[in-house]
Amino acid sequence: MALPPVAFATESVLAWQRVVSSSFVPLVVDDLSDGRFAATIRGRVIDGVFFSRLKVTPHEVHRTPALIDASHRLFYKVTLMLEGTAELVQDARTAQMPPGSVSVYDTARPYDLRFPDPIDAVVLMLPRDLIDPSPEHVRAITATSLGPEESLTRLVTPLLTEISSDFTSLEGPASARVVRTAVELISALLSTAALARTDDHDREHLSLMLRIREHILNSLGDSELSPDSVARAVFISTRHLHGLFQQQGTTVSAWIREQRLAAIRRELSDPLHAHRPISEIATCWGYPDASHFSRTFRQHVGVAPSAFRRAALERARRGSADQRLTTG
């Protein structure tokens, strides 16, 4: 689902601090522009991911322990520098971010960003569970500059630039598909970077987790998918598998359920799938028992599948109508 685009411009540092704190996570902003501060943001939430394009005069941003304690949800932020430079500090590392570089930082821990020049940047804020590497492995690459020498950076850059150039063009089913592609590319970039920057033990751990997640995602339609079948597929014990997911604060079964329900929500929200019975969609994603699926969906999503679909398709219809009025 795509929420309507937002745009804001200001010459007030305090107003900018309020806007970025409400759009992203609570932050402190300091002006470095000698009283000539100016900032604009355009953005859109698409399928749970906040895409934004920022143009700001020199300034600093700080994420403090006190602000983290007051936050209810934690995210990763990914920044692509288009113009200007930046310096990112997190986890006892400092990254110099020239134009064309991508960096990731975790809102669960303090960080500082310094922009000595006027900038044009794309910033994504996404739920942490959308990224394949575990929080421990992402920690190995926070405050690291991933430049054009990284092949996947060269793939990510034009896509993020194009998405952020016209948020109004992302409407209907296409928006969620484009976002999934972008997130998958970012996840692949971060996974590759983490593998290259960890020691042998951590590299083996990360490689195993990536294999596990890939197997689960490729097997969601199998109603017999279980911790035992996953463990057999990747040649480890079920106990070891449970331990790996416990380290990430979840369980194998919960992660499987979350991925299945996320896929089902996407298809129920997609007008291209509006003709398909809900039971057929549920079966394709590993829920052949309609009553069990309905109870599970209602318990974890909060509404019945039919009510979710009606509301989602109505939002898509209104969005398409608004787009026709805007461009007509």
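Quantities reported herein were computed from a predicted structural model and do not represent experimental measurements.

Concerning the sheet that holds strand β1 (residues 6–10)
Read from one edge to the other, the open sheet built from 6 strands follows the order β1-β3-β4-β11-β6-β9, with strand pairing classed as antiparallel. Unpaired on one side and paired on the other, β1 and β9 (102–106) mark the two borders of the sheet. Averaged over all neighbouring strand pairs, the angle between strand axes comes to 20°, with direction disregarded. Pairing between strand β6 (residues 75–83) and strand β11 (residues 119–127): 8 bridges, direction antiparallel. Each residue of the ladder has a partner; that of glutamate 83, found in β11, is aspartate 120. On the sheet, helix α1 (residues 13–23) packs against β1, β3 (39–46), β4 (49–56) and β11 and is oriented at approximately 155° with respect to β1.

So, the confidence of the model for the protein
Looking at the protein, pLDDT values average 89 and 94% of them are 70 or higher. Confidence drops under a pLDDT of 50 for residues 321–328, and excluding neighbours within four residues, the segment shows 2 contacts in the predicted structure.

Thoughts on the nonpolar core
In terms of nonpolar packing, the biggest core is built from 31 residues, with Phe51, Leu124, Leu126, Leu160 and Ile186 touching the most fellow members. Among the secondary structure elements, those contributing two or more residues to this core are β4, β6, β9, β11, α4 (151–165), α5 (172–196) and α6 (200–218). Top contributing element to this core by residue count: α5, with 8 residues. When near neighbours in sequence (up to four residues on either side) are disregarded, leucine 124 contacts Val49, Phe50, Phe51, Tyr76, Lys77, Val78, Leu160 and Ile186. Listed in part, the 30 residues of the second largest apolar core include Val13, Phe75, Ala95 and Ala143.

Re empty space enclosed by the protein
Counted according to the given criterion, the structure contains 1 cavity of 30 Å³ or more. Roughly 170 Å³ of internal volume is contained in the largest cavity. Contributing to the lining of the largest cavity are 16 residues, with Leu54, Val61, Leu113, Phe115 and Val123 lying nearest its centre. The class makeup of the residues in the lining of the largest cavity is 13 nonpolar, 2 polar and 1 charged.

Rules used throughout
Residues numbered from 1 in each chain as written. Predicted model: local features only at pLDDT ≥ 70, side-chain atom pairs only at ≥ 80, totals over all residues. Heavy atoms only, no water. Pairing = 2+ DSSP bridges. Helix = DSSP H or I, 4+ residues; strand = E, 2+ residues; numbered from the N terminus. Axes fitted to C-alpha atoms, helices over the stretch in contact; angles between N-to-C directions. Contact = heavy atoms within 4.5 Å. pLDDT = per-residue confidence, 0-100. Core = buried A, V, L, I, M, F, W, Y, C linked by side-chain atoms within 4.5 Å. Buried < 20%, exposed > 50% of the residue type's maximum accessible area, 1.4 Å probe, protein only. 1 Å grid on protein atoms, 1.4 Å probe; cavity = no way out; pocket = protein on both sides within 12 Å on 5 of 7 lines; lining within 4 Å. Points joined across faces, edges and corners; volume = space filled by probe spheres on them. Nonpolar A, V, L, I, M, F, W, Y, C, P; charged D, E, K, R; others polar.

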